Amino acid sequence: MNKILIANRGEIAIRVMRACREMGIASVAVFSEADKDALFVKYADESFPIGPAPSSLSYLNIEKIIETARHAGADAIHPGYGFLAENPAFADACDTAGITFIGPSSRVLELMGNKIAARREMRKAGTPVVPGTDEATTDDDQAKRIAGDIGYPVIVKPSGGGGGIGMTIVKNEGDLLKALEASRTIAEKSFGLADVYIEKYVSNPRHIEFQILGDSQGNVIHLNERECSIQRRYQKLIEEAPSTALTPELRQTMGETAVKAAQHIGYQGAGTIEFIFSNGEFYFMEMNTRVQVEHPVTEMVTGIDIVKEQIRIASGEPLSIRQEDVLVNGWSIECRINAEDPLNDFTPSPGRLTHYRSPGGSGVRVDSGVYTQYAIPPFYDSMISKLVTWGRDRNEAIERMRRALYEYIIGGVKTNIPFHRAVMENPRFVSGEINTHFIESETGLFDALKQIAEREKTLMEKMPSGSDKKKIAAMAAAAAVIQMHQHK
Ligand code: MV4
């Protein structure tokens, strides 16, 4: 492989290009009109415009992307996450054009993209799945019977989806039929497939996922788990590796289960098996057939470059590591830094970064696609960066995260940094006793957040307004925060 086109934007485009650069492979960016000033466009060896800002007209335009890859002479396309990453038609279009799609086969994308089919297949592989239906529910009486047998509460999920869209929790039979209808309507609109299915609702679960790598020789390994329980409205905000929930025995069992599942479907590439975990039991939820946003925490504790492995696998090379060589060292935490206002229901806050300085030092990694004076466009997600720390243990990873959040300077847009600071100081988070309902159940979190925002403001107000700029420039990060507020 000599040249790879990256069919994505932002931090993940740069992440992939960095792997290309290390491997001596040329990189090609494609960008929408809204992204002409983005860092990934500058970082790439070559960059080509592919259309207007709306992703339906640019990052989702299969023909235009393939045509650009042909024109640039790219051997392969890396889809990143989101956009076309799990689209079987895109993988097929790459095949037809004689371009390597860096990811699993379209057959596997199709199979795991249909959540009902995935459940059935995983059961065949011997993976525990939540009690529920193995077919789309069409008949009302049958649905009532099944839900009654499973026992309430149940959850209705779209087969075409994933990630929470169109899911409805049903507490009793009286609510079942309208929940089915509501989910079908959303499913049809969002995924073009009205099929829904029913599962037993597991309350207060933890979200624990296993990173998988499979090569074209049939080798499949896992890189252990990530815990992604800290989320809000199905949006992950904080991820970590390992998970405080697992014993070595459980970790081994779940890892072996995940490998067996991936082997069963002939998985090639990097993927993730998502489990929900409750009371020592784990159940298959979904398989993500792509590199994930939170892959860095696994890289930090294993030392394995997941994107480079993806490229190696797609080139037909064997995995560079064996299962027995995968060792977990220390702890890693990732905070997704978003341009949004945590004090105003996390409303997106796109705009120009008038001031920007990312943290550094021991055990800190920042994956971002921004720079000072860059304007975050309103058309895509609001992620500014992924702030990742590593420590010898969880406590050191947390201490470093607090320190990195303290150093981080972002001016011009609202960010969720105060939220992350509140979580890093929250006793329950620090204890590791977390689940997917952490944010809504920790009622003190919002007050802590307000206090942190207030404390910061008070510090700014104490600073003299006319202080020497040169002196300030020489000062450490804390002073720079103050300078930023003086300019407002
Ligand atoms: C569930 C569940 C409880 N029981 N399924 C939400 C997103 C999708 N990946 C699966 N989701 C859930 N499925 C059953 N049978 C609870 C959730 C869930 C959740 C899962 C993972 C991470 C965060 C979550 C937050 C709320 C609910």
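Calculation rules
Residues numbered from 1 in each chain as written. Predicted model: local features only at pLDDT ≥ 70, side-chain atom pairs only at ≥ 80, totals over all residues. Heavy atoms only, no water. Pairing = 2+ DSSP bridges. Helix = DSSP H or I, 4+ residues; strand = E, 2+ residues; numbered from the N terminus. Axes fitted to C-alpha atoms, helices over the stretch in contact; angles between N-to-C directions. Parallel < 35°, antiparallel > 145°, perpendicular 65-115°, else oblique. Left-handed = near helix turned anticlockwise from the far one by under 90°. Contact = heavy atoms within 4.5 Å. Nonpolar A, V, L, I, M, F, W, Y, C, P; charged D, E, K, R; others polar. Disulfide = S-S within 2.5 Å. Buried < 20%, exposed > 50% of the residue type's maximum accessible area, 1.4 Å probe, protein only. Near = heavy atom within 4 Å. Polar contact = N/O pair within 3.5 Å; in protein donor to acceptor, adjacent residues only side chain to side chain. Areas by Shrake-Rupley, 256 points an atom, 1.4 Å probe, with all protein chains shown as cover. Phe/Tyr/Trp six-rings, centres within 6.5 Å; stacked < 30°, edge-to-face > 60°. Lys NZ or Arg CZ within 6 Å of the ring centre and 35° of its normal. Salt bridge = Lys/Arg side-chain N within 4 Å of Asp/Glu carboxyl O. Core = buried A, V, L, I, M, F, W, Y, C linked by side-chain atoms within 4.5 Å. Right-handed = clockwise from strand over helix to strand, strands pointing away.

Student: Please clarify how the sheet that holds strand β1 (residues 3–6) should be interpreted in this entry.
Tutor: The strands making up a sheet are joined through hydrogen bonds of the backbone, oriented either antiparallel or parallel. Read across the sheet, 5 strands follow the order β3-β2-β1-β4-β5 without closing on themselves; strand pairing throughout is parallel. This sheet does not close on itself; its edge strands, each paired only once, are β3 (46–51) and β5 (100–101). When β1 meets strand β2 (residues 26–32), the two strands line up parallel, connected through 4 bridges. The residue bridging Leu-5 from the neighbouring strand is Val-28, located in β2.

Student: Even after reading the chapter, I still don't get the packing of helix α7 (residues 140–150) against helix α8 (residues 176–191), so can you show me in this structure?
Tutor: When two helices pack together, their arrangement is given by the angle between their axes and by how far apart the axes lie. Interhelical geometry of α7 versus α8 gives an angle of 110 degrees and a closest axis separation of 10 Å. The angle between the axes of α7 and α8 places the two elements in the roughly perpendicular class. Remark: the crossing between α7 and α8 carries right-handed chirality. In this structure, α7 uses Asp-140, Ala-143, Lys-144 and Ala-147 to contact α8, whose residues at the interface are Leu-176, Leu-177 and Leu-180. Here the residues of the contact of α7 with α8 sort into 5 nonpolar, no polar and 2 charged.

Student: Is there a simple way to explain the state of the cysteines in this structure?
Tutor: As used here, a disulfide is simply a covalent bond connecting the sulfur atoms of two cysteines. Evaluated as defined, the whole model comprises 0 disulfides. The closest cysteine sulfur to the non-disulfide-bonded Cys-20 is located on Cys-94, 15 Å from its own sulfur. Residue classification places Cys-20 among the buried residues on the basis of a relative accessible area of 0%. Just so you know, Cys-335 is unpaired, no disulfide at all, and the nearest cysteine sulfur is the one on Cys-228, 13 Å from it. A relative accessible area of 0% places Cys-335 in the buried class.

Student: So what exactly am I meant to see when it comes to the site of the ligand here?
Tutor: The local shell around the ligand holds 18 residues, among which Lys-157, Glu-199, Lys-200, Val-202 and Gln-231 are the closest. Interatomic distance of 2.8 Å between a side-chain N/O atom of Glu-199 and a nitrogen atom of the ligand. Between the ligand and Glu-286 there is a distance of 3.1 Å, counted from a nitrogen atom to a side-chain nitrogen or oxygen. Protein contacts shield 94% of the accessible area of the ligand, which totals 510 Å² for the unbound molecule. For the shell around the ligand, the secondary structure elements donating two or more residues are β6 (154–158), β8 (196–200), β12 (269–278) and β13 (281–288).

Student: When you look at the side chain of Arg-336 in this model, what are you seeing that I'm missing?
Tutor: Within the element layout of this structure, Arg-336 appears in strand β14 (residues 331–338). Setting aside chain neighbours within four positions, we find Arg-336 in contact with Lys-236, Leu-237, Glu-239, Val-293, Glu-294, Met-383, Ser-385, Asn-416 and His-420.

Student: Whenever I open this one, the pairing of β12 confuses me. Can you help?
Tutor: Residues in a regular strand point their side chains to alternate faces of the sheet. For β12, a buried count of 10 out of 10 residues is recorded, marking the element as mostly surrounded by other parts of the structure. Of the strand pairs in this sheet, strand β9 (residues 206–214) and β12 are connected by 9 bridges, and their pairing is antiparallel. Residue pairing in the sheet places Phe-210 in a bridge with Ile-273 of β12. Pairing between β12 and β13: 7 bridges, direction antiparallel. By the bridge assignment, Ser-278 is partnered in β13 with Glu-281. Connecting β12 to the antiparallel partner β13 that follows it, the hairpin turn spans 2 residues, and Asn-279 within it adopts a positive phi of roughly 50 degrees.

Student: Looking at this structure, I do not really get the packing of aromatic side chains. What am I missing?
Tutor: The geometry of an aromatic ring pair comes down to the distance between the two centres and the angle between the two planes. Using the criterion set out here, one finds 10 aromatic pairs in the structure. Residues Tyr-371 and Tyr-374 carry aromatic rings whose centres are separated by 5.3 Å and whose planes lie at 45 degrees to one another, so their mutual orientation is tilted. Residue Tyr-371 is classed as partly exposed on the basis of its relative accessible area, which comes to 24%. Tyr-374 sits in the buried class, given a relative accessible area of 6%. The ring of Phe-429 carries the charged tip of Arg-394 above its face, separated from the ring centre by 4.6 Å.

Student: Just checking my understanding: could you explain the pattern of salt bridges for this structure?
Tutor: Oppositely charged side chains may form a pair once their charged atoms are brought near each other. All chains considered together, the criterion is met by 36 salt bridges. Between Arg-15 and Asp-305 there is a salt bridge, and its shortest N-O distance comes to 2.7 Å. Here Asp-305 lies in the loop between α10 (295–302) and α11 (306–314) and Arg-15 lies in helix α1 (residues 10–23), a separation of 290 residues in the sequence. Overall, Arg-15 belongs to the buried group, its relative accessible area being 6%. With a relative accessible area of 19%, Asp-305 lands in the buried category. Linking Arg-184 and Glu-181 is a salt bridge whose minimum nitrogen-to-oxygen distance equals 3.4 Å. Within this pair, Arg-184 and its partner Glu-181 are both found in helix α8, separated by 3 residues, close to a single helical turn. Looking at Arg-184, the relative accessible area reads 17%, which means it is buried.

Student: What should I look at first to understand unusual backbone geometry in this one?
Tutor: Trans is the common state for peptide bonds, and a negative phi is the common state for residues other than glycine. Look at the link from Tyr-152 to Pro-153: it is a cis peptide, with omega at -5 degrees. Within the secondary structure, Pro-153 is located in the loop between α7 and β6. Of note, Phe-83 is a non-glycine position whose phi angle comes to about 40 degrees, a positive value. Look at Phe-83 and you get partly exposed, because its relative accessible area is 29%.

Student: Is there a simple way to explain the nonpolar core in this structure?
Tutor: Note on soluble globular proteins: their nonpolar side chains tend to be buried together. Formed by 96 residues in total, the largest nonpolar core has its most connected members in Phe-40, Ile-77 and Phe-90. Looking at which element gives the most residues to this core, the answer is α1, with 7 residues. Those residues in contact with Ile-77, other than ones at most four positions away along the chain, are Ile-4, Leu-5, Ala-7, Ile-65, Ile-66, Ala-69, Phe-90, Cys-94, Ile-99, Thr-100, Phe-101 and Ile-102.

Student: Help me understand the pairing of β2, please; the structure alone is not making it clear to me.
Tutor: Of all the 7 residues making up β2, 6 are buried; the element is thus mostly covered by neighbouring parts of the structure. Handedness of the β-α-β unit built from β1, α1 and β2 comes out right-handed. The pairing of β2 with β3 spans 5 bridges and is parallel. Each residue of the ladder has a partner; that of Val-30, found in β3, is Phe-48.

Student: Could you clarify how one ought to interpret the sheet that holds β6 in this entry?
Tutor: Overall, antiparallel pairing links the 3 strands, which are arranged β7-β6-β8 in an open sheet. In this open sheet, the two strands that pair with only one neighbour each are β7 (168–170) and β8. When the angles between neighbouring strand axes are averaged without regard to direction, this sheet yields 30 degrees. Bridging between β6 and β8 involves 5 bridges; their strand directions are antiparallel. Of the residues in β8, the one forming a bridge with Ile-155 is Glu-199. Set on the sheet, helix α6 (residues 115–124) makes contact with β6 and β8; between it and β8 the angle comes to about 50 degrees.

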